[in-house]
Amino acid sequence: MDKLEGRHAPLRRSLWVVSLYLLAGGLWITFSDYVAQQWFPDPEALSRVQTYKGILFVLVTALVLFLALMRQFSSDRTLLSLHHHQREEIRNLNQFRESVIERANVWINVFDPMGRVVLWNKAAEEISGYRREEVLGSDQIWPWLYPDEHERTRIRARAEEILRDDGEVVGYETRITTRGGKRRLISWNSRSLQNDEGEIVGTIAIGQDITDISEAQTSIRQRERQLSTLMDNLPGMAYRCRYDEHWTMVFVSSGCRELTGYEPDELMNNKRVSFAELIADDDDESNLRAVESAIGNAEPYSLEYAIVRKDGQRIWVWERGRAVEDNGDLVLEGIILDISDRKALEDELSELATRDPLTGLFNRREMTRLLEEEIVRANRYGRALSLLWIDFDHFKDINDDYGHAAGDSVLKSTSKLLADSVRSVDVIGRFGGEEFVIVLPEMDCFEARETAERLRNLISQTPQPLGDGKSVRLTISIGVSVFPDNGADFRTLCAAADKAMYRAKSSGRNRVVVAPLPEEAHNS
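First things first, this report covers the structure right here in the doc. Bear in mind that the values here come from a model prediction, so they are computed numbers and not experimental data.

1. Describing the pattern of salt bridges
And step 1. This structure, assessed with the given rule, holds 25 salt bridges.
And step 2. Its salt-bridge partner being Glu134, residue Arg179 comes within 2.5 Å of it at the nearest N-O pair. Of this pair, Arg179 sits in the loop between β3 (168-177) and β4 (183-194) while Glu134 sits in helix α4 (residues 132-135), and the two are 45 residues apart along the sequence.
And step 3. Its relative accessible area of 23% is what places Glu134 among the partly exposed residues.

Below, the structure is given as structure tokens:
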């Protein structure tokens, strides 16, 4: 009805204008003729007046027509300008729709208050699989996207809340079912649409397909959990630290607790203590040099050093790591293991390799090495050095009379007595059987003879246990040699002391004999 009235309006206005013109023209003619006849009774004068009156009428109507046409043309020009502007806006809107809405890589759709699709862009088609022609003007898209009735009811209820409350939804996630039957996770931003009068006329929804992102995040979380589980079960502490003087830890695994006694957060960023403070002072400098060398050669590094735990216990650790670049900074990554048990085993094996298993004193091989070192040191610094060669007198009788177990008991107790009776710088060892050697650094011939006599008297006056509650007395014979008078190397020095010991034996035992100087030996 409104459209029909709009089409008839120009006709009615035209009829009104023509009617008014006819009425005005009729009134003018009638009224002007009456007035002219009254004012100009002369026929000639009346004829001229009629002529002028006609000309005036033509001029007046022409002026009125001119003004009317001017107004109409001005109105038409305004309408044409408005129409051109509207066409330009429509073209811009179409371009916007084509360039922004249609080409957008996000799903954009508009629903009317009844839930029917009003707008459906290309991204919506590509993600859902449903073409625009299938969904426009229909609400069938709801059961297509959400075939589960309970899920569909919940989501439509949320959309109706936006319509009622003029609300907005940000990051609302739903899982749709595409035309191909695949499940996709969509994150929605939605709000209501209003007309010029402020009435809500629908909703606009912008969706982003986050299926791949979600799967990637899930995969990352799974890998993080696996890495965390791996780190927690490592037999040590994995770390990442800055290459600085404090070895500042930026990450440590939970193994830090068992290794150092500190909680991970106490060690990270030097919150309570830096890792450098845990390293024994004599190891930190050597560690730094080893790491510097490895970095310079672009190689991994391996270190063994001692650290002091939170409880004060000193343990040995083995570290394996390498330098990596992180955002332009150099950091170190690796793992640290507790090797205290291995170190103890190594020390035990080393002890077994250098100690006599019966007495615990140094064995022949280790004594040889230590004596050679002392000779080199004495020669370098011009210091004295003496050697005592000790042999038990009639020791075979103890083995024969009391058994080898008793003999071993005597050897152990006697060797302990000797070891406890010399200086801490002196070195004592068992060369084999009942022969013992004592190295006396920085001791000349006179002092060495006094020491030997003291030890001889101590042994002869101290009964030695046989292991069965009984004890026995025994004596020792000692030969003394001095560096460099009796020899400048290991062999000659030992040979001189050994000969002196045999002289003590042949002279009646239980005595000390000093090796003579080479000239004295020649004269004798």
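Back to the text.
2. Section: the nonpolar core
And step 1. Judged by nonpolar contacts, the single largest core of 28 residues is most densely connected at Leu388, Ile390, Phe392, Ile438, Ile478 and Val480.
And step 2. Looking at this core, the elements with two or more residues in it are β11 (385-392), α14 (395-402), α15 (404-420), β13 (435-441), α16 (445-461), β16 (476-483) and β17 (512-514).
And step 3. For Ile438, the contacting residues outside a window of four places in its chain are Ser386, Leu387, Leu388, Ile390, Val422, Val427, Ile428 and Leu455.
And step 4. The next biggest cluster of nonpolar side chains, apart from the first, holds 25 residues, and it includes Cys256, Ala294, Tyr301 and Leu332.

3. With respect to the packing of α14 against α15
And step 1. In contact at an axis separation of 6 Å, α14 and α15 are set at 135° when each is read in the N-to-C sense. What the angle tells us is that α14 and α15 run oblique. Judged by residue contacts, Phe395, Ile398, Asn399 and Tyr402 of α14 engage His404, Ala406, Gly407, Val410 and Leu411 from α15.

4. Concerning the pairing of β11
And step 1. Among the 8 residues that make up β11, 8 are buried, leaving the element largely enclosed by the rest of the structure.
And step 2. Burial of β11 is two-sided: the residues Leu385, Leu387, Trp389 and Asp391 facing one way and the residues Ser386, Leu388, Ile390 and Phe392 facing the other way are all buried.
And step 3. Pairing geometry for β11 and β13, over 7 bridges, is antiparallel. Across the sheet, the residue bridging to Leu385 is Pro441, located in β13.
And step 4. For β11 and β16, the ladder comprises 8 bridges, and the chain directions are antiparallel. Looking across to β16, one finds that Asp391 is bridged to Ser477.

5. Notes on the packing of aromatic side chains
And step 1. Across all of its chains, the model carries 9 aromatic pairs by this definition.
And step 2. Between Trp107 and Trp120 the ring centres are 5.3 Å apart and the planes differ by 75°, which places this aromatic pair in the edge-to-face class. Placement of Trp107 in strand β1 (residues 107-111) and of Trp120 in strand β2 (residues 117-120) is noted, with a sequence separation of 13 residues between them. An identical accessibility class is assigned to Trp107 and Trp120; each is buried.
And step 3. Aromatic pair Trp389 and Phe431: ring centres 5.0 Å apart, planes at 75°, arrangement edge-to-face. Of the two residues, Trp389 sits in strand β11 while Phe431 sits in strand β12 (residues 427-432), which places them 42 residues apart along the sequence.
And step 4. Judged by relative accessible area, which is 6%, Trp389 ranks as buried.
And step 5. Exposure remark for Phe431: the relative accessible area of 8% places this residue in the buried category.
And step 6. Among the aromatic residues, those joined into a ring-pair cluster are Trp107, Trp120 and Trp188.
And step 7. The ring of Trp316 has Lys343 lying over it, and the distance from NZ or CZ to the ring centre is 4.5 Å.
And step 8. Here the basic side chain of Arg383 rests over the ring of Tyr381, its NZ or CZ set 4.9 Å away from the ring centre.

6. Quick look at the sheet that holds β4
And step 1. Ordered in space as β2-β1-β5-β4-β3, the 5 strands form an open sheet in which the pairing is antiparallel. Of all strands in the sheet, those with a lone pairing partner are β2 and β3, marking the two edges. Strand after strand, the sheet turns through a mean of 25° between neighbouring axes, direction not considered.
And step 2. In this structure, β3 lies alongside β4, joined through 9 bridges in antiparallel fashion. Across the sheet, the residue bridging to Tyr172 is Trp188, located in β4.

7. A word on unusual backbone geometry
And step 1. The omega torsion of the bond from Phe483 to Pro484 falls at 0°, within 30 degrees of zero and hence cis.
And step 2. Tracing the backbone shows Pro484 in the loop between β16 and α17 (490-506).
And step 3. Of note in the backbone geometry, Asn269 takes a positive phi value of approximately 55° without being a glycine.
And step 4. Counting through the fold element by element, Asn269 comes out in the loop between α9 (264-267) and α10 (275-278).

8. Section: α16
And step 1. Along its 17 residues, α16 runs 24 Å from first to last C-alpha, staying within 8% of the 24 Å computed at 1.5 Å per residue.
And step 2. Buried within α16 are the following residues: Ala448, Thr451, Ala452, Leu455, Arg456, Ile459 and Ser460. The buried residues of α16 occupy one face: seen down the axis, they fall within an arc of 160°. Seen from the buried face of α16, the exposed residues on the opposite side, beyond 90 degrees, are Phe446 and Gln461.
And step 3. On the buried face of α16, the contacting elements are β11, α15, β13, β14 (464-465), β16 and β17.

9. Observations concerning the environment of Arg184
And step 1. As for its position among the elements, Arg184 is in strand β4.
And step 2. Remark: the alpha-carbon pair of Arg184 and Leu145, spanning 39 residues in sequence, is separated by 9.9 Å.
And step 3. Every residue in contact with Arg184, bar those within four places of it in the chain, is listed here: Thr174, Arg175, Ile176, Thr178, Asp209, Thr211 and Asp212.
And step 4. Of the polar contacts made by the side chain of Arg184, one reaches the side chain of Asp209; its length is 3.0 Å.

Thresholds applied
- Residues numbered from 1 in each chain as written.
- Predicted model: local features only at pLDDT ≥ 70, side-chain atom pairs only at ≥ 80, totals over all residues.
- Heavy atoms only, no water.
- Salt bridge = Lys/Arg side-chain N within 4 Å of Asp/Glu carboxyl O.
- Helix = DSSP H or I, 4+ residues; strand = E, 2+ residues; numbered from the N terminus.
- Buried < 20%, exposed > 50% of the residue type's maximum accessible area, 1.4 Å probe, protein only.
- Core = buried A, V, L, I, M, F, W, Y, C linked by side-chain atoms within 4.5 Å.
- Contact = heavy atoms within 4.5 Å.
- Axes fitted to C-alpha atoms, helices over the stretch in contact; angles between N-to-C directions.
- Parallel < 35°, antiparallel > 145°, perpendicular 65-115°, else oblique.
- Pairing = 2+ DSSP bridges.
- Phe/Tyr/Trp six-rings, centres within 6.5 Å; stacked < 30°, edge-to-face > 60°.
- Lys NZ or Arg CZ within 6 Å of the ring centre and 35° of its normal.
- Expected span 1.5 Å × (residues − 1).
- Arc of directions from axis to C-beta.
- Polar contact = N/O pair within 3.5 Å; in protein donor to acceptor, adjacent residues only side chain to side chain.

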